[in-house]
Structures are given as structure tokens and as C-alpha cells.
Amino acid sequence: MTDQYAVIGRPISHTKSPLIHGLFAEATGQQLSYGAIEGSEGDFAGDVQRFRDSGGRGMNITAPFKLQAYSLATQPSERARLAKAANALRFDGDQVLAENFDGIGLLRDIQHNLGNPLAGKRVLLLGAGGAVRGALLPFLGAEPAQLVMANRDLRKAQVLAWELKHPRLEVLGYEALEGEHFDIVVNATSASLTGERPPVPASVFNGAALAYELAYGKGLTPFLRLAQEQRVAQLADGVGMLVEQAAEAFEWWRGVRPDTRPVIDRLTIPLV
């Protein structure tokens, strides 16, 4: 029987994961099937179990089920434990292994694909949700000079920083960013999904090398437009992160690392 994998989310019709993993499998000669599952609102655990019972080997998890996926894990990784969320599961007998590849996918896209190493840089992360939780450990491991997390709900960000207790991690409210500037600015808020701009002052982009928007396929979001107006050297959306985190899961499942560049090129939509 062909090994089965799937992505589960709600809604799921927009997902690119079957295309991405299909391209990976073709390029690496792996025999597998990869589908998409519309998760039910009240029976996520049941959905996962039914997939396992049908022979499923692993799953990608997308919104709104990443927290529930983590709760099913018998062996969560350190990244998943920090995020309290999982975006990939692997089934090994009775064991459910959980990983969170969002952060390392984001880091690889920024450093490897876009050529912006974090070492020695001042980095601003906007938001304090699951994406930021997943990014903090990989980002801090890249040794930036300073990593600042800004969020509307300051208390939420402070609790997260307290869990890490890292000397290079700082929490600020948006109003405290006035006059500050950074080398790399990453928008991990949900603002762009609704066509809004996070309340970040234009000064944060002064001299910035990169403005990165986690949302993908939406062109010049209000965040990226502000960065463009401030003459930020490079603008990017999250398509590279999407592909890189998928490659991490693929390698975790199959033991082979696919080439991400052709897939990123295929999925990239110009920022206009």
C-alpha cells in the first residue's frame, strides 16, 4: 500500500500542501499519496484517529487545529512544547510524534533563500501568536544582537518571554517602537488577512534590509506597502516559509530533503 499523508485544517480548500508534497515526492522518487482533510469542529481527535486507522503515516496541521494536534502528542519536540502547537504529526505504532516546523521554515527562508542572516542584527517580530511561538527558538539560535517582540496584548507577549528567559529577547508595546529601527521586520500578526496594517510606526523600517510578511499570495499588504514607502531594501511574503516548513516535514517523514527552489519559484506571486 502507498504510504498516506495529509493536511488537515478548516477551511482547507485553499491549501497548497498537496501540490507541494506531490512535487517533492516526484522530485525525490518517493512513493506516497497526500490528501487534504476538512477537519470537523468538534471531533479533531476522531478525524486524526480515522486517518491513522486507514493507514496514515503523518499529517500536516493548519489552522485552527495546531493546539489540538499538540495535545494529542505522546512525544512532542522542544519546538512544539514551546509553541504549545504542532504543525506536523508522525505516527509510529502507538506513538504520536509532534513537531513545529513553522519557525525553522521561516528562518531558512530568510537566511538561505533571501540572504539575510540574523546574526548580529536587530530583529523585530510583530505578534505573539502561534507563528511567533514557533519562531522564537530558531530565531534566538541564529544569534541576533537583539530580538524584539511587539504585540497589542503586551501581557501575552510578556508571558511568552518569561517562559524563555533569554537575555536577547525583549518585549515592547507598539507605542514604544516609535523612534526605534531594525534590520529585519517580520509581520506575524493576522492583520494582513483582513487587509489591515499592524499599528507599527514607520520608523522601525529606517535602514531595514528586509520586511517579511507571513501571509502569502496577497501581493503588497498594508504592512509591505508601508515598508516599500520607507524604501526597505527587500520585501517578501511567506511563500518561502510555506515551502520550507513543508520540506522539513517531508524530510522528517521520508528521510530525504527535497530541493525547495523550484517549488518556491512555481508558487511565487509577484508583490504588486
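Residues numbered from 1 in each chain as written. Predicted model: local features only at pLDDT ≥ 70, side-chain atom pairs only at ≥ 80, totals over all residues. Heavy atoms only, no water.

A. How the structure looks around the packing of helix H6 (residues 130–141) against helix H7 (residues 154–164). Put simply, H6 and H7 touch, their axes get as near as 12 Å, and they point 40° apart. In terms of orientation, H6 and H7 fall into the oblique class. In this structure, H6 crosses over H7, and the sense of that crossing is right-handed. Judged by residue contacts, Val132, Arg133, Leu136, Leu137 and Leu140 of H6 engage Leu160, Glu163 and Leu164 from H7. Class assignment of the residues belonging to the contact of H6 with H7 gives a composition of six nonpolar, no polar and two charged. (Axes fitted to C-alpha atoms, helices over the stretch in contact; angles between N-to-C directions. Helix = DSSP H or I, 4+ residues; strand = E, 2+ residues; numbered from the N terminus. Parallel < 35°, antiparallel > 145°, perpendicular 65-115°, else oblique. Left-handed = near helix turned anticlockwise from the far one by under 90°. Contact = heavy atoms within 4.5 Å. Nonpolar A, V, L, I, M, F, W, Y, C, P; charged D, E, K, R; others polar.)

B. A look at the sheet that holds strand E11 (residues 210–213). Sheet architecture is open: six strands sit in the order E9-E8-E7-E10-E11-E12, paired in parallel fashion. Either end of the sheet is taken by a strand with one partner, and the two such strands are strand E9 (169–172) and strand E12 (234–236). Going across the sheet, the axis of each strand differs from the next one's by a mean of 15°, ignoring polarity. Examined bridge by bridge, strand E7 (residues 122–126) and strand E8 (residues 146–150) share five bridges and lie parallel to one another. Directly across from Leu124, in E8, lies its bridge partner Val148. Contacts between helix H5 (residues 102–113) and the sheet are confined to strand E10 (184–187) and E11, with E11 contributing the most and set at about 145° to the helix. (Pairing = 2+ DSSP bridges.)

Purely geometric stuff here, so don't read any function into it on its own.
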